[in-house]
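Spelled out from the first residue to the last, the chains are:
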Amino acid sequence: MTQNILVLPGDGIGKEIVAEAIKVIEVLKADFGLDVELSHGLIGGAAYDEYKHPYPEETQKLAHAADAILLGAVGGYEYEALPRDLRPERGLLGIRADLKLFSNLRPAILNAELADASSLKPEVVSGLDIMIVRELTGGIYFGEPRGIRELENGEKQGYNTLVYKESEIEQIAHSAFQIAMKRDKRLCSVDKANVLEVMELWHEVVERVGKEYPEVELSHMYVDNAAMQLVKEPKQFDVMVTGNMFGDILSDAAAMLTGSIGMLPSASLDINGKGMYEPIHGSAPDIAGKNIANPLATITSVSMMLRYSLDHIELADKIDAAVEAVLKQGLRTQDIFADAEGTTAVSTSEIGDAVVSALRSL
Ligand code: NAD
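From a predicted model like this one, the values you see are computed outputs, not experimental measurements. (Residues numbered from 1 in each chain as written. Predicted model: local features only at pLDDT ≥ 70, side-chain atom pairs only at ≥ 80, totals over all residues. Heavy atoms only, no water.)

A short note on the packing of aromatic side chains
Overall, the coordinates contain three aromatic pairs when judged by the stated rule. On the numbers, 6.5 Å between centres and 80° between planes, the contact of Y48 with Y79 is edge-to-face. Taken together, the residues span a long stretch of sequence, with Y48 in helix 2 (residues 45–51) and Y79 in the loop between strand 3 (68–73) and helix 4 (88–98) at a distance of 31 residues. Accessibility classification places Y48 together with Y79 in one group, the buried group. Just above the ring of Y48 sits the side chain of K52; from NZ or CZ to the centre is 4.9 Å. (Phe/Tyr/Trp six-rings, centres within 6.5 Å; stacked < 30°, edge-to-face > 60°. Helix = DSSP H or I, 4+ residues; strand = E, 2+ residues; numbered from the N terminus. Buried < 20%, exposed > 50% of the residue type's maximum accessible area, 1.4 Å probe, protein only. Lys NZ or Arg CZ within 6 Å of the ring centre and 35° of its normal.)

In structure tokens, the structure reads:
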């Protein structure tokens, strides 16, 4: 059955990088039998310009009808004066909440060819391949009560609440175990069970869900240690699962181990595996329209989509191999270019074309 991919380029470099990802999808359709159709919509500032809302009803309808969504990025200087609720970034929060995308997949992958881009020693990070699964719709970012109150002595007090229900933990644990089953079958659950009761429950529920996945080797680690281990010996991890706030911090730290923001894709999944796929970087208004942005994170977002939502693992492997081949050829956009022997600086469209050629010659 034909699957539908909704394409939401968004703002800034979004349109340029998504155009390259579409070239890749078209080759998979033409040469490798991928049976998908594309629909197109607006989100973020582009949607505000047209509909006066960053996640308008028209886009909502398309999003609900799609099997998966490919998003570029949102945001731009011209929208900074808008009321908070109408800003482009609200479009992202809106679509995540609307589609109940509770499981955020953040890979930190470092191709051997780019090992020098990391601030860590090449031998510590070369070949790194971690997947952080972050709970995205619960925890302290959403917990009630929250606010700033005035105490009897007139002093102000800010407060938030870290809450997780068993069902929420079960849901994210299942998602993480299923991801681990598609990888090296090792899962590390990150918590702070030594101090927080809610994390004691987290630990207990993850352990219980783990009984249903006997093939996956489950371990637990406190978040402070996990932060240290990520920097010290990151290659020990395969999949990590954690709550919203810890995941927010650890996934950004892990991403920076790779040193290149233009290389990392991400996914946000619902309970049925339907997902939204996007690069981790923003709309880069400073370089928009110049044909110099790196489209590889968007192209590998398509690879993640094929792997985790559309069930075409062999095609996902082909995209990854094509990207690897292009890096081996020494082609680099300016963000990953180091003036070293054997490397050539290329534009957004040139590196996209190179991925397409590499795919065709696989
Ligand atoms: P950013 O990620 O857009 O840019 C940070 C730096 O990285 C810039 O110098 C940019 O030129 C560079 N960069 C980013 N992506 C690149 C790519 N693919 N190739 C080459 N260089 C790249 O972050 P920012 O500057 O803090 O934010 C810009 C806008 O993006 C803001 O409006 C922000 O709210 C928005 N934003 C959106 C998302 C998203 O859509 N998921 C995420 C973060 C920020």
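Details of the domain arrangement of the protein
Considered domain by domain, the protein is made up of domain 1 (1–102 + 270–362) and domain 2 (111–259). Measuring from the centre of the C-alpha atoms in domain 1 to the corresponding centre in domain 2 gives 25 Å. With 13 residues of domain 1 at the contact, the number on the domain 2 side is 15 residues. Around 1300 Å² of area is buried between domain 1 and domain 2 when both sides are counted, 64% of it from carbon and sulfur atoms. Sorting the residues of domain 1 by area buried against domain 2 places F102, Y308 and L327 first, and these three jointly supply 49% of that buried surface. Linking domain 1 to domain 2 there are one salt bridge. With a shortest N-O distance of 3.9 Å, E113 and K328 are connected by a salt bridge. At the junction of domain 1 and domain 2, the tally comes to three residue pairs in polar contact (both at pLDDT 80 or more). For the side of domain 1 that touches domain 2, the secondary structure elements donating two or more residues are helix 10 (296–308) and helix 11 (313–328). In the side of domain 1 that touches domain 2, the residues fall into eight nonpolar, no polar and five charged. (Domains from an automatic or database assignment. Contact = heavy atoms within 4.5 Å. Buried area = accessible area lost by both parts, 1.4 Å probe. Salt bridge = Lys/Arg side-chain N within 4 Å of Asp/Glu carboxyl O. Polar contact = N/O pair within 3.5 Å; in protein donor to acceptor, adjacent residues only side chain to side chain. Nonpolar A, V, L, I, M, F, W, Y, C, P; charged D, E, K, R; others polar.)

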